[in-house]
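# Coordinates in review
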Amino acid sequence: MIHRRDYFILLFVTTISVIVALLLNQEPSNPIQNHSETLLAITALQANNINRIELTRDGKTYKYEKEGVVWKQIDPFILSMDSASMRAIINAAMSIRILSDSLDASKESLGFSTQNSISFSDGINESVIFLGRKTLGGRAYAMLENEIPIVVSHELHLIALEMDYKLWRDVRVFPNFAIDGSQISRKVKDERMVLLRENGIWTMQEPVPTRVNQRLLTEWVGKIAAAQVTAFVADYPEDLSLFGLQFPSAQFTVQSADDNQQTLLIGSRVAAGTQDRYVMFKNQPMVFSMKWEMLSQLFPLSEILIDSTGSGISKFDIKRITIRTSQMSYQCERNLDRWEVIDDGPMVDSESISLLLNWLLDSQALSVTISQYPIQSEVATITFEGYDGMLLDTVRIATNGEGNWILENGDNVLRIHPPESGEILQVLIR
């Protein structure tokens, strides 16, 4: 038998259960609901085909274009962009989910009075997304051109409106130089250095025309291509003197195969106690900073890059050698794998000639100095001829006050070797 108290409790529980069930089965009054459709699904745009983006943010417009696989900012000034960042913007736009149907509210109340929009184009199709304000729960207001506002997920708002757009820039200072660099020039005060690359070979033009160490040059080009921005400081600076860039202390210029030049201007220190510097590109209104450890790698001594061997020719191209001193002159000729003295010259063995070639063509100098060749201290000259009878090179040999040997082949670069290294020459000219 059910007591009256138990009856009322049972009736109350049953009533509450019915009310909860009715509420759960009702349509919510909030129009926001999850949709699987993305905002750009109704357009013909494909993420991989997008090659132009135009962002209007707080009334300022930034335009980006894709050239091959490289993204560049083309307005307000030309600048290389980080490809991964540009893909992230496109992916954010393509993944925007529609969270509600059309909203019956004024555009001003939803934040569309501010000029914020972003457009994507593949060269044929274009879609413009107007961005309103963000709301709660990862939602934001947006609308396509000629449409009415809707609620969407806020991924694009976070990137396009809140992220610092400077972070989209390529932090590499010379991003493509390792591939298509053809010239390097730099100026520190009145001292200049110029290097050219032709047919894959680098040569020095200034301060003297001479050969360079190709391995070291390749490593240096890699360091140039790896140089990075530390921080983007200011766009359109009003006073360059604040950064020491009104009268730069140094310039570093690279040129690509298509004759496009970039000149980096070096300014003052970022702060006391650091050697980090303000820098900017000539004709580009943007100041950034670079760490001194990275910036200083762009300015090695010219002598470090010069090839320190006595001559740049290959011993396998030599058919005939002429050895001259103030007292004598004779020739040696290659016969298969042996060297033979011709023209009634002195008796010298083939091994001694091979050792001489090793010294002149392969040995690295202890030091390299750009200076006038001391003709008054000359001991001998060695001239090389090829199999076609054409002159290949002449190495002049002198000594200095310390007894060191000086090798020079007409470029006013003195390659200094220790006293004992020239013993083989003394055997051949005594």
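Now for a description of the structure that goes with this document. (Residues numbered from 1 in each chain as written. Predicted model: local features only at pLDDT ≥ 70, side-chain atom pairs only at ≥ 80, totals over all residues. Heavy atoms only, no water.)

Over its 13 residues, helix α5 (residues 214-226) runs 18 Å from end to end, which matches the ideal 18 Å to within 8%, given 1.5 Å per residue. In this structure, the buried side of α5 is in contact with α4 (177-180), β9 (181-188), β10 (191-198), β11 (201-206), β14 (250-256) and α7 (302-305). The opening residue of α5 is N213, an N-cap whose side-chain oxygen sits 3.1 Å from the backbone nitrogen of R215. (Helix = DSSP H or I, 4+ residues; strand = E, 2+ residues; numbered from the N terminus. Expected span 1.5 Å × (residues − 1). Contact = heavy atoms within 4.5 Å. Polar contact = N/O pair within 3.5 Å; in protein donor to acceptor, adjacent residues only side chain to side chain.)

Spatial strand order, β12-β11-β10-β9-β14-β15-β16-β17-β13: nine strands in an open sheet with antiparallel pairing. Edge strands, defined here as strands with exactly one partner in the open sheet, are β12 (210-211) and β13 (231-235). The pairing of β9 with β14 spans seven bridges and is antiparallel. The residue of β14 that forms the bridge with S185 is T253. (Pairing = 2+ DSSP bridges.)

The tally for this structure, following the rule as stated, stands at 13 salt bridges. As a salt-bridge pair, R52 and E54 come within 3.3 Å of each other at their nearest N and O atoms. One salt bridge connects E385 with R320, and the closest N-O pair in it is separated by 3.2 Å. Taken together, the residues E385 in strand β22 (residues 378-385) and R320 in strand β18 (residues 320-324) connect sequence positions 65 residues apart. Within this structure, R52, E54 and E65 form a network of salt bridges that share partners. (Salt bridge = Lys/Arg side-chain N within 4 Å of Asp/Glu carboxyl O.)

Take the layout of surface pockets next. In this structure, the largest pocket encloses a volume near 860 Å³. Along the walls of the largest pocket sit 35 residues, with K72, S80, N260, Q261 and Q262 positioned nearest its centre. Contributing elements (two or more residues each) for the lining of the largest pocket: β3 (70-75), β4 (79-80), α4, β9, β14, β15 (261-269) and β17 (286-290). The element that contributes the greatest number of residues to the lining of the largest pocket is β14, accounting for five residues. A class-by-class count of the residues in the lining of the largest pocket yields 14 nonpolar, 14 polar and seven charged. By volume, the second largest pocket amounts to about 230 Å³. Lining of the second largest pocket is provided by R186, V188, E191, R192, M193, P207, F299, P300, L301, S302, E303 and I370. If you list the elements that add at least two residues to the lining of the second largest pocket, you get β9, β10 and α7. Counting residues per element, the lining of the second largest pocket draws most heavily on β10, which supplies three residues. (1 Å grid on protein atoms, 1.4 Å probe; cavity = no way out; pocket = protein on both sides within 12 Å on 5 of 7 lines; lining within 4 Å. Points joined across faces, edges and corners; volume = space filled by probe spheres on them. Nonpolar A, V, L, I, M, F, W, Y, C, P; charged D, E, K, R; others polar.)

Mapped onto the secondary structure, V208 falls in the loop between β11 and β12. On the accessibility criterion, V208 (10% relative accessible area) is buried. When the C-alpha atoms of V208 and I342 are compared, they prove to be 36 Å apart, with 134 residues separating the residues in sequence. When sequence neighbours within four positions are dropped, the list of residues in contact with V208 reads I370, D411 and V413. (Buried < 20%, exposed > 50% of the residue type's maximum accessible area, 1.4 Å probe, protein only.)

Following the sequence through the fold, E303 ends up in helix α7. Residues E303 and L336, spaced 33 residues apart in sequence, show a C-alpha to C-alpha distance of 37 Å.

Purely geometric numbers; function is a separate question.
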